[in-house]
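A structural walkthrough
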Amino acid sequence: MLVETVLLCLVSFFAGFIDAIVGGGGLLQTPAIMIILPQYPVATLLGTTKIPSISGTAFAAWRYSRQVRLDWRLLSLVALLAFGGAFLGAFCVSLIDNRVIKPVIFFVLLVVAGYTYVNKNFGQPRATDHSRGMQLFLGLLCGFIIGFYDGLIGPGTGTFLILIFIAFLGYDFIHASASAKLINLATNLAAIVYFGSTGHILYQFALPMAACNMAGAFFGTRLALLKGNAFVRVFFLCVVFATLLRFAWDIWMANHG
């Protein structure tokens, strides 16, 4: 058990570091825990990763909120819808076939990666033509959809949230990343409520992983705030590319496994 715990803690540290900057920490944590602890059910492993995820996300959100001005009214409402979506997604894990969803997500990520790479101004602060009401509507709709995705599949949620805040609300990468952390808190909390109530969390692994995830989040937020938008944009592209590889592998295995 000691070896498994140490390995999971190392993975959690780097997951917290990546997640604090642009999301995508689940790309490391989810496959790692499935490889290191193959004797447990998938639902239990997914539930266990939510404890370190919410710990690192909470720390990153706190760090960002101290230096980045946030729209608390909008974010609190979006977080509420995201919570509901994530709870519903966790409930539907066994009802919806991921093999149908993942090819669609793969295509969307491919478009996002290409657009972000070609459009150098993507992720720079800009004014939007949306009214306050339209911003709220788009935020609530996207919050519920991304929340549902987080409860259902998980990896890449933070990256999708950053994309939403940039594309629809005109945020820059730093403000989008900070805002995404708050929404991600709600989706993680919903998943913890569901998985915890059904006995699917291994606390002997989850708690030390949480401490390491917070340590990674500390260094990740510090680096993001220090380096600014240009650095976060490059990091965003790297994580989107890694997400593409992950989903391409999952799709290939589903069809040839």
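Computed from a prediction, not measured in an experiment: that's the story for all the values here. (Residues numbered from 1 in each chain as written. Predicted model: local features only at pLDDT ≥ 70, side-chain atom pairs only at ≥ 80, totals over all residues. Heavy atoms only, no water.)

1. Things to note about the overall build of the protein
Rules: Helix and strand assignments follow DSSP, with helices taken as H or I runs no shorter than four residues and strands as E runs no shorter than two, numbered in order from the N terminus. To sort residues, take the accessible area from a 1.4 Å probe on protein chains only and compare it with the maximum for the residue type: under 20% means buried, over 50% means exposed, and anything in between is partly exposed. In this description, contact between two residues means that some pair of their heavy atoms is separated by no more than 4.5 Å. For the area figures, the Shrake-Rupley method with a 1.4 Å probe applies, and any residue is considered shielded solely by the protein chains shown.
Along the protein, the regular secondary structure elements total 10 helices and zero strands. Helices (α) and strands (β) of the protein occur, in sequence order from the N terminus, as α-α-α-α-α-α-α-α-α-α. For the protein, the proportion of its 257 residues judged to be buried stands at 53%. Nonlocal contacts in the protein, meaning residues at least 24 apart in sequence, comprise 84% of its contacts between residues at least 6 apart. Put simply, the protein shows about 11,800 Å² of open surface, and 72% of that area lies on carbon and sulfur atoms.

2. Observations regarding a nonpolar patch on the surface
Rules: Surface patches are drawn from residues lacking salt bridges whose relative accessible area is over 30%; two like charges belong together within 9 Å, two nonpolar side chains (Val, Leu, Ile, Met, Phe, Trp, Tyr) within 5 Å. Salt bridges, as used here, are contacts in which a Lys or Arg side-chain nitrogen is within 4 Å of a carboxyl oxygen on Asp or Glu.
Together, L80, L81, L88, F91, M134, F137, L141, F144 and I145 make up an exposed nonpolar region whose accessible area comes to about 820 Å². If one sorts the elements of the nonpolar patch by residue count, helix α6 (residues 132-152) sits on top with five residues. The topology assignment puts F91 in helix α4 (residues 72-91). The class for F91 is partly exposed, based on a relative accessible area of 47%.

3. Regarding the side chain of Q29
So the rule is basically this: Polar contact is defined as a pair of N or O atoms within 3.5 Å, subject to the rule that within protein one atom must be able to donate a hydrogen and the other to accept it, and that residues adjacent in sequence are counted only when both atoms are side-chain atoms.
Residue placement: Q29 occurs in helix α2 (residues 26-36). A residue is classified by how much of its surface remains accessible, and Q29, at 3% relative accessible area, is buried. At 3.2 Å, the side chain of Q29 and the side chain of S53 are in polar contact. Excluding anything up to four places from it in sequence, Q29 contacts V11, S12, A15, T49, P52, S53, M209 and N213.

4. Let's talk about the side chain of N213
Assignment of secondary structure puts N213 in helix α9 (residues 203-227). For N213, a relative accessible area of 4% puts it in the buried group. Not counting the four nearest positions on each side in its chain, N213 is found in contact with S12, F13, A15, G16, Q29, P52, S53 and G56.

5. Here we look at the pattern of salt bridges
For the structure on display, the rule yields one salt bridge. Between D150 and K50 there is a salt bridge whose closest N-O contact spans 3.4 Å. Of this pair, D150 sits in helix α6 while K50 is found in helix α3 (residues 42-67), placing the two residues 100 residues apart along the sequence. Judged by its relative accessible area of 5%, D150 falls in the buried class. We classify K50 as buried; its relative accessible area is 11%.

6. Some points on the packing of aromatic side chains
So the rule is basically this: When the centres of two rings from Phe, Tyr and Trp lie within 6.5 Å, Trp using its six-membered ring, the rings pair. Their planes under 30 degrees apart give stacked, over 60 give edge-to-face, and anything left gives tilted.
Enumeration according to the criterion identifies 11 aromatic pairs in this entry. Connected via pairs of aromatic rings, a cluster forms that spans F13, F14, F59, W62, F218 and F219.

7. A word on α2
Listed in full, the buried residues belonging to α2 are G26, L27, Q29, T30, A32, I33 and I36. If you follow the buried residues of α2, they end up packed against α1 (2-22), α3, α9 and α10 (229-256).

8. A closer look at the packing of α1 against helix α8 (residues 173-197)
Formally: To get an axis, a line is fitted to the C-alpha atoms, and for a helix only the part in contact is used. The angle between two axes follows their N-to-C directions and goes from 0 to 180 degrees. Gly falls in the polar group here, along with every residue not listed as nonpolar (Ala, Val, Leu, Ile, Met, Phe, Trp, Tyr, Cys, Pro) or charged (Asp, Glu, Lys, Arg).
As a packed pair, α1 and α8 sit with axes 7 Å apart at the nearest point and diverge in direction by 115°. Contacts from D19, A20, I21 and V22 of α1 reach α8 at S177, K181 and N184. Broken down by class, the residue content of the contact of α1 with α8 amounts to three nonpolar, two polar and two charged.

9. So, the nonpolar core
Just so we agree on the cut-off: Here, nonpolar core refers to any group of buried Ala, Val, Leu, Ile, Met, Phe, Trp, Tyr and Cys residues whose side-chain atoms link them within 4.5 Å.
Counting 44 residues, the largest nonpolar core has I21, V22, I162, F165, I183 and V232 as the members making the most contacts within it. Sorting the residues of this core by element identifies α1, α3, α4, α6, α7 (157-169), α8 and α10 as the ones contributing at least two each. Discounting residues that sit within four places of it in the chain, V232 has contacts with I21, V22, F173, I174 and A224. Counting residues in hydrophobic clusters, the runner-up holds 11 residues, among them F195, I201, A206 and A210.

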